[in-house]
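Summary of the model geometry
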Amino acid sequence: MTHSWQRKGPLAMAHATPTTESAKRLVEGYSLEITGKEKDVVGLTEAASLIPAGTKVNVTFLGNEDLPMRVAAAKAVKELGFVPVPHISARRIASQAQLEEFLSALAEIGATEHVFAVGGDPATPEGPYPDALTMIRSGVLQQYGVKEVSIAGYPEGHPDIATDVLWQHLEDKSAALKDAGLDAVILTQFSFDTDPVMAWIKGVRDRGIDTQIRLGTPGPAGIKRLISFASRFGVGANAMIVKKYGFSLTNLMGSAGPDKFVSDLAALFDADPSVGAVKLHMYTFGGLEATATWARDFIAK
């Protein structure tokens, strides 16, 4: 198997992969993600000129954020000419009234058309929504102008949820959104390796789900940082896999970008049109500016 990630440094040119038009098209229309924290809003503002107008920018729903922070971040995204996609963490919602308060505040700034409904991290739900499916079925989202709902996908599995349960949840949420007349997007956790990604996409399509997939892809970042995030989210990052990805275990201070991963994926997609509509969702571990610059330069090659 070929390495999925490109090393940066003296050996980079030797391992470079030609950038094809299909690889460029895969990157075009990418989406991004920020937290509600002020530093992320500032970072988005500083990188705005590098990011195409109309780019979807997700706004997280973390435990250390509050409603005003999330709404302010979504407002900033919209004012900068991008499309806000606020996250709604079902297990962090304490009541239907709190959900409606959040949606109402988002509606006031015109930021409810696209949302990401996700279960969230708390082991015990803080209110009536144990998962995204329950929230979708409640009918509350539509009341505040939601038209498209992103749902989570896990190409490399989830550390706390069995694979068969993940598939059942994906099928149930897809059916619930269709029944509700809402558009859907499957937004995945980030991946490094083309093999599990392709197997998972085939699994999605074999189940009759033709929804657009936004494949989570880490932007350029330090290797140690990438490995740290991979380990935290259950993505394989042991020594054997690190070696397979092409990271240098003797130079963990180096950096890596997704050039080869994206080019390899594009080639696989070209060979199998049944993968359907797939775009990238960039996780900006190395910063918004670095990720936006990478995407711009990759498309311009």
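Please refer to the structure higher up on the page.
This report concerns the structure included in the present document. (Residues numbered from 1 in each chain as written. Predicted model: local features only at pLDDT ≥ 70, side-chain atom pairs only at ≥ 80, totals over all residues. Heavy atoms only, no water.)

1. Quick notes on the side chain of Thr291
With respect to the helices and strands, Thr291 occurs in helix α12 (residues 288–300). With relative accessibility at 0%, the residue Thr291 sits in the buried group. (Helix = DSSP H or I, 4+ residues; strand = E, 2+ residues; numbered from the N terminus. Buried < 20%, exposed > 50% of the residue type's maximum accessible area, 1.4 Å probe, protein only.)

2. Remarks on the pairing of strand β4 (residues 83–89)
By the criterion of burial, β4 is predominantly enclosed, with six of the seven residues buried. Handedness of the crossover joining strand β3 (residues 56–59) and β4 through helix α3 (residues 67–79) is recorded here as right-handed. Relative to strand β5 (residues 114–118), β4 runs parallel, the two sharing three bridges. Bridge assignment links His87 to a residue of β5, and that residue is Phe116. Each parallel crossover has a hand, and the one from β4 via helix α4 (residues 96–108) to β5 is right-handed. (Right-handed = clockwise from strand over helix to strand, strands pointing away. Pairing = 2+ DSSP bridges.)

3. Looking at the pattern of salt bridges
Using the criterion set out here, one finds ten salt bridges in the structure. Of the charged contacts, one joins Glu148 and Lys56 as a salt bridge, the two residues approaching to 2.6 Å between their closest N and O atoms. In this pair, Glu148 is assigned in strand β6 (residues 148–153) and Lys56 in strand β3, connecting sequence segments 92 residues apart. Grouping residues by exposure puts Glu148 and Lys56 together as buried. Where Arg70 meets Glu65, a salt bridge forms, and the shortest distance between an N and an O atom there is 3.7 Å. Judged on exposure class, the residue Arg70 and its partner Glu65 are both buried. (Salt bridge = Lys/Arg side-chain N within 4 Å of Asp/Glu carboxyl O.)

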